[in-house]
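For reference, the chains in residue letters:
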Amino acid sequence: MMGWSKVSYYLWVIGAILLLPLIVILLVNVLFLGLLFLALLGLIGWLQYRVMHENRYKVFQDEVAVRMVGYKTRCYRIDMIKSINYVDIGTDWFGRTPPNGRYQLAVYFERSYLKSVEPLWFGPVDRDGFVAALLEVNPDIVVDRSETHV
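### Here's the deal with the sheet that holds strand β1 (residues 56-59)
In any sheet, the strands associate via hydrogen bonds between backbone groups, in a parallel or an antiparallel arrangement.
Okay, so step 1: On the basis of which strands lie adjacent, the open sheet formed by 3 strands has the order β1-β2-β3 and antiparallel pairing. Edge positions in the sheet fall to β1 and β3 (74-77), since each of these pairs with one other strand and no more. Strand after strand, the sheet turns through a mean of 20° between neighbouring axes, direction not considered.
Okay, so step 2: Relative to strand β2 (residues 63-67), β1 is paired through 4 bridges, and the arrangement is antiparallel. By the bridge assignment for β2, R56 is matched with R67.
Okay, so step 3: Sitting on the sheet, helix α4 (residues 127-137) is in contact with β1 and β2, with an inclination near 30° to β1.

### So, the pattern of salt bridges
Okay, so step 1: Inspection of the entire model under this criterion finds 2 salt bridges.
Okay, so step 2: Between R77 and D79 there is a salt bridge, with the nearest N and O atoms lying 3.0 Å from each other.
Okay, so step 3: Overall, the relative accessible area of 34% leaves R77 in the partly exposed class.
Okay, so step 4: By relative accessible area, D79 is classed as partly exposed at 45%.
Okay, so step 5: Across the pair R145 and D128 runs a salt bridge, and its minimum N-O distance is 3.4 Å. Pair noted here: R145 is in strand β7 (residues 142-149) and D128 is in helix α4, with a separation of 17 residues, a long-range link.
Okay, so step 6: Taking the relative accessible area as the measure of exposure, R145 reaches 45% and is therefore partly exposed.

### Describing the pairing of β2
Okay, so step 1: Joining the antiparallel neighbours β1 and β2 is a turn of 3 residues.
Okay, so step 2: Bridge analysis of β2 against β3 gives 4 bridges, and the strand direction is antiparallel. Residue pairing for β3: V66 is matched across the bridge by R74.

### Considerations on the nonpolar core
Okay, so step 1: I81, I84, L105, V107, F122, F130 and L134 are the most contacted members of the largest nonpolar core, which has 17 residues in total.
Okay, so step 2: When residues of this core are traced back to their parent elements, those giving at least two are β2, β4 (81-88), β5 (103-109) and α4.
Okay, so step 3: In contact with F130, not counting residues within four places along its chain, are Y57, V59, V64, L105, F122 and P124.

Calculation rules
Residues numbered from 1 in each chain as written. Predicted model: local features only at pLDDT ≥ 70, side-chain atom pairs only at ≥ 80, totals over all residues. Heavy atoms only, no water. Pairing = 2+ DSSP bridges. Helix = DSSP H or I, 4+ residues; strand = E, 2+ residues; numbered from the N terminus. Axes fitted to C-alpha atoms, helices over the stretch in contact; angles between N-to-C directions. Contact = heavy atoms within 4.5 Å. Salt bridge = Lys/Arg side-chain N within 4 Å of Asp/Glu carboxyl O. Buried < 20%, exposed > 50% of the residue type's maximum accessible area, 1.4 Å probe, protein only. Core = buried A, V, L, I, M, F, W, Y, C linked by side-chain atoms within 4.5 Å.

Pasting the structure below:
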């Protein structure tokens, strides 16, 4: 599961509560608009739930599968991982963290495999457990555990 900040779990509920008086007024005065707003609020809540609960990283025998809502599940070969860096994304000036967690992993693959010099970013809840699972399959991965700030 991806690492979400605790505020992300409650933010859409707070927004729904703040919109509730508007929806009640619209339901009383203009039924169609009130039902439309209610349906939109339900859609937003459903999408937020899917995004937060259906993103997954799974380590199999020789590959890691990345499943994200709205995208096809992608599998990457673990034996092609060159190095992993622990990264602290930090917060913005409001104190908010990115949606997939403040503490992430930058995973660099062999250039011949991924054809990119940019790393893939993983934000698992348990970074150490995720790295340990990858190291069980490929002990040649170079791991830099010093928190680099982006």
